[in-house]
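# Structural characterization, general
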Amino acid sequence: MERSPGEGPSPSPMDQPSAPSDPTDQPPAAHAKLDPGSGGQPAGPGAAGEALAVLTSFGRRLLVLIPVYLAGAVGLSVGFVLFGLALYLGWRRVRDEKERSLRAARQLLDDEEQLTAKTLYMSHRELPAWVSFPDVEKAEWLNKIVAQVWPFLGQYMEKLLAETVAPAVRGSNPHLQTFTFTRVELGEKPLRIIGVKVHPGQRKEQILLDLNISYVGDVQIDVEVKKYFCKAGVKGMQLHGVLRVILEPLIGDLPIVGAVSMFFIRRPTLDINWTGMTNLLDIPGLSSLSDTMIMDSIAAFLVLPNRLLVPLVPDLQDVAQLRSPLPRGIIRIHLLAARGLSSKDKYVKGLIEGKSDPYALVRLGTQTFCSRVIDEELNPQWGETYEVMVHEVPGQEIEVEVFDKDPDKDDFLGRMKLDVGKVLQAGVLDDWFPLQGGQGQVHLRLEWLSLLSDAEKLEQVLQWNRGVSSRPEPPSAAILVVYLDRAQDLPLKKGNKEPNPMVQLSIQDVTQESKAVYSTNCPVWEEAFRFFLQDPQSQELDVQILYLDSSEICFPTVPGSPGAWDVDSESPQRGSSVDAPPRPCHTTPDSQFGTEHVLRIHVLEAQDLIAKDRFLGGLVKGKSDPYVKLKLAGRSFRSHVVREDLNPRWNEVFEVIVTSVPGQELEVEVFDKDLDKDDFLGRCKVSLTTVLNSGFLDEWLTLEDVPSGRLHLRLERLTPRPTAAELEEVLQVNSLIQTQKSAELAAALLSVYMERAEDLPLRKGTKPPNPYATLTVGDTSHKTKTVSQTSAPVWDESASFLIRKPHIESLELQVRGEGTGLLGSLSLPLSELLVADQLCLDRWFTLSSGQGQVLLRAQLGILVSQHSGVEAHSHSYSHSSSSLSEEPELWGGPPHITSSAPELRQRLTHVDSPLEAPAGPLGQVKLTVWYYSEERKLVSIVHGCRALRQNGRDPPDPYVSLLLLPDKNRGTKRKTSQKKRTLSPEFNERFEWELPLDEALRRKLDVSVKSNSSFMSRERELLGKVQLDLAETDLSQGVARWYDLMDDNDKGSS
């Protein structure tokens, strides 16, 4: 910025030096230098000062050697010394750079006019008087006012920090009770306003100013915690940015302006020089981290869309509108491509030049988006769309920065900036923009979307958006702005303690949180939240008030629901029999109990993953060893690793209990397994609300943040049913779709509500215990909270468990007291629930100790899959291997294998009918043989045997061997585990052969039931066998049948 000559100080004749002996063409330093031969001054004092300086320098170097001596005396490795030296050198380098930057900035402000004239190769007398800058004006009068006010502002700051901030810090933590400000000085360098720009004609009821501020101050603030002898502080700081000041509304009364709003349009730049203990923040790495954290705090307070509002008149109307006005509009940014980027990747010490792995950062104010990385491409194609809210026009800028992704530090490839006012004027801007600071161009398509205050055109917008292809998020049709003002009379915490409330707002899978207000039940937030809406007609806003450091929710999800505002459940005080309420007969769970679902996640396969394994310094590219990580509802799952495959197939199933709380997401990440650190191969997210609403999702999901790759997931919502009629069919279906790499699938969901207990035994005869309860099913346990000193605790807690075998599993309950051990226990077989009405028991249960009862509700829900590819029917029959051709109505015609996709349902026959034919002389074996088309596998399940032949005195030790003929090698041989001394063994084991359907139809399945002859012999006794011709078997049906065992002269061997 240039100034006219009349603005700067002009030297007068009175200002010139009066001594004629000083030549004007010689620098002043020449006059201060003494001639050594003149003998003009004695040398004694100079020699003494020089000797003192040498001794001081020697002493400092001696002090540096003390840590080295101490390290050797203690016996530390030389590596500690080198590490400390490197740390000190890094700190010294950062510190010197900050001091150099401060000196340069101060010199610039002190000699601004002279430096500007020197840069323009003109003296200040040569600048013409008509030179001016119409957009930005100087405000030296304002700087003079600030300079005169600055000392008094320093006094106010000292008083504010000492009387307000310091007591608040001391009260926040008992360890900071000796916290104090020992020094508060704003220094002699005041804040300067470099320029002022007024935006006329925006709105008549407001005045819009942009202040270009620059603060290069010698501020010094020191703090001390005397208890720990800890001192820290700040000495010198720089802050540069554009502060927008809005004077509105203009009123017809004094003071004319109703309020002042202030905010930074863009994040200001900050540089702090630390002292004391905070010197550690100048260590490389910590320096940028600390500055970033401070800037984040400033951005959360004073950078758009956040703003500071100072009302100037009482009872100002529309304060919420002034604090958080509606956005001016929306810009839809299409990040399409880039071209001509510079190459940053180099191999073999730079001898071989590669390409770059570019990605882009898109910013507007505090809104930031990151594109996916395109590997080894100088002309990347992103094709991504982002939507940003524009709050101020003019002033805000769209900024795009392109980087090269590297393992250590990403390389800068260039940036471009564009004022949003140009997009507003053009409506649609589609162009290639050159990158500054690098080479190449970036292709953007920018659309300005206006906001309408009515829903007249909503259907038209929704119809238009359905035809728009957008990733990573679908296009929005509206925005929602929520202004959170305050709350009153929130319930206190236990012990009448003040809560720390915060608010959580959720729309679908987007959740935002307010700040926490400490120690009050009447919090004031005064915050605004903004949401993009894809379909306002179907989306809901969910608001919850949470207490910090607590999982309690005190905002009623259903207004007026009983108990919705009860935060803490106190144990009832036991009084007289007259005052005691009647004992409840049944539990009273809340409306959310028993509404859980089970999400079955089937991780099938992936395609086109990127190769991360490299050899010979990156010259030879290998493949990857991928695996999948899943995160949902606080639980994590991990698949097995597939070695050296860019198109892996996992075929694993995971199950998790979920609720209908909005905002939940299934997070999926793919990694390459390595010896040191696993490489990232991509991520994707699935909204849980989408799956819960549709019930089923089978999609290929594109992996984000990587150049290529997609993942095939199948998600199904299983809703528990309160009937056991379909349990056997569910168990059969689960056995068919069970994969070898997955745990056994759940057949039911058990929900338990633990309400209370009564008459628990006292400890040491008189004192009431501190009871808690533990619920256990299999390997899963849930522990309730501990209720203090009562024999009649009220827990009001619920837990859910996945049940795989409801017939044989049980619920184990233990009531314990802290420090007293077991107070009582209960074992509830789930088979009792299977015969109960609605599969539910709700009553008092007596504990096994004989003293004490618990009131609980246990309900079971059967998980019926609607998309398993297998459909169950109730008809059944027995079938012998010798009568395959005798069932024309069931088996007529050649086998026709259909797909097992969800829309093509198969039949599963229910077994164990009383109409079954009697077993043959050698007994029977029960088998299920099925071809799983989706997995391209032949599946056989050996359920069991019955009525086997007993040749000796003792029953046999049977097992089943399966062989896929005509091959007799180990590759096709399978066998079950061995059962001891039984004629009716139960196996329920699954076996698979991976082969195409046409090959399976040419095979025969040889099934042999064998038994060990003796302990010392490897010979096996053949109890019977059956051979199934798969060409004559309908493999499209998952049917469990009993097959008669036949005799065979060849005994064979295992």
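Residues numbered from 1 in each chain as written. Predicted model: local features only at pLDDT ≥ 70, side-chain atom pairs only at ≥ 80, totals over all residues. Heavy atoms only, no water.

## Here's the deal with the side chain of Arg600
Here is the rule: The secondary structure listing takes helices from DSSP runs of H or I that are at least 4 residues long and strands from runs of E that are at least 2 residues long, numbered from the N terminus. Polar contact criterion, stated in full: a pair of N or O atoms within 3.5 Å, where within protein one must be able to donate a hydrogen and the other to accept it, and residues adjacent in sequence count only if both atoms are side-chain atoms. Note on contacts: a residue pair is in contact if any heavy atoms of the two residues lie within 4.5 Å.
With respect to the secondary-structure elements, Arg600 resides in strand β23 (residues 597-607). Within the structure, Arg600 has its side chain in polar contact with the side chain of Glu655 (distance 2.8 Å). Each residue touching Arg600, except ones within four places of it in the same chain, is listed here: Val653, Phe654, Glu655, Arg714, Leu715, Glu716, Leu718, Asn734, Ile737, Leu745, Ala746 and Ser865.

## Digging into the UniProt feature "transmembrane region" (unreviewed entry) in the protein chain
Quick reminder of the rule: UniProt positions are given in the numbering used here, feature names are shortened, and annotations may be inferred rather than shown by experiment.
Here the UniProt feature "transmembrane region" (unreviewed entry) sits at residues 62-91 and 245-265. Summarising residues 245-265: 0% helix, 43% strand, and an end-to-end C-alpha distance of 10 Å.

## Some points on the nonpolar core
The nonpolar side chains of a soluble globular protein tend to be buried, and buried together. Quick note on the threshold: Throughout, nonpolar core names a set of buried Ala, Val, Leu, Ile, Met, Phe, Trp, Tyr and Cys residues whose side chains join them through atoms within 4.5 Å. Each residue's exposure class comes from its accessible area (1.4 Å probe, protein chains only) as a fraction of the maximum for that residue type: buried when under 20%, exposed when over 50%, partly exposed otherwise.
Among the nonpolar cores identified, the biggest contains 37 residues, and Leu750 and Val854 are the most heavily contacted of them. Listed in part, the 31 residues of the second largest apolar core include Leu609, Leu630, Trp650 and Leu701.

## Notes on the packing of aromatic side chains
For clarity, the threshold we go by: Here a pair means two rings of Phe, Tyr or Trp (six-membered ring of Trp) with centres within 6.5 Å. Their orientation is stacked below 30 degrees between planes, edge-to-face above 60, and tilted elsewhere. Distance and angle both matter: a charge sits over a ring if NZ of Lys or CZ of Arg is within 6 Å of the ring centre and within 35 degrees of the ring normal.
If you walk through the whole model with that rule in mind, you get nine aromatic pairs. For the pair Tyr627 and Phe671, a centre-to-centre distance of 5.9 Å together with 25 degrees between the ring planes defines the contact as stacked. Of the two residues, Tyr627 is situated in strand β26 (residues 626-632) and Phe671 in strand β29 (residues 665-672); the sequence distance between them amounts to 44 residues. Taking relative accessible area as the criterion, Tyr627 reaches 1% and is therefore assigned buried. Under the relative-accessibility criterion, Phe671 is labelled buried at 13%. Ring geometry for Phe637 versus Phe654: centroids 5.5 Å apart, planes at 40 degrees, classification tilted. Here Phe654 lies in strand β28 (residues 649-658) and Phe637 lies in strand β27 (residues 635-638), a separation of 17 residues in the sequence. The pair Phe637 / Phe654 is uniform in exposure class, with both members buried. The ring centre of Trp1042 lies 4.1 Å from the NZ or CZ of Arg946, which sits over that ring.

## Quick look at a nonpolar patch on the surface
Condition: Patches here are clusters of residues that have more than 30% relative accessible area and form no salt bridge, with a 9 Å joining cutoff for like charges and a 5 Å cutoff for nonpolar side chains (Val, Leu, Ile, Met, Phe, Trp, Tyr). Only the protein chains shown count as cover for residues, with accessible areas throughout obtained via the Shrake-Rupley method and a probe of 1.4 Å. Any carboxyl oxygen of Asp or Glu that lies within 4 Å of a side-chain nitrogen of Lys or Arg is treated as forming a salt bridge with it.
A contiguous nonpolar patch, built from Trp141, Ile145, Val149, Leu153 and Tyr156 and spanning about 530 Å² of accessible area, is present on the exposed surface. Relative to the helices and strands, Leu153 is located in helix α5 (residues 140-172). On the accessibility criterion, Leu153 (34% relative accessible area) is partly exposed.

## A short note on the sheet that holds β29
Counted only if it meets this: Any two strands with at least two DSSP-identified bridges between them are counted as paired. Lines fitted to C-alpha atoms define the axes here, with helix axes fitted over just the stretch in contact, and angles between the N-to-C directions of these axes take values from 0 to 180 degrees.
Strands sit in the order β27-β26-β29-β30 across an open sheet of four strands; the sheet is antiparallel. With partners counted over all chains shown, the strands left at the sheet margins are β27 and β30 (679-687), one partner each. Going across the sheet, the axis of each strand differs from the next one's by a mean of 15 degrees, ignoring polarity. Examined bridge by bridge, β29 and β30 share eight bridges and lie antiparallel to one another. Bridge assignment links Glu667 to a residue of β30, and that residue is Lys685.

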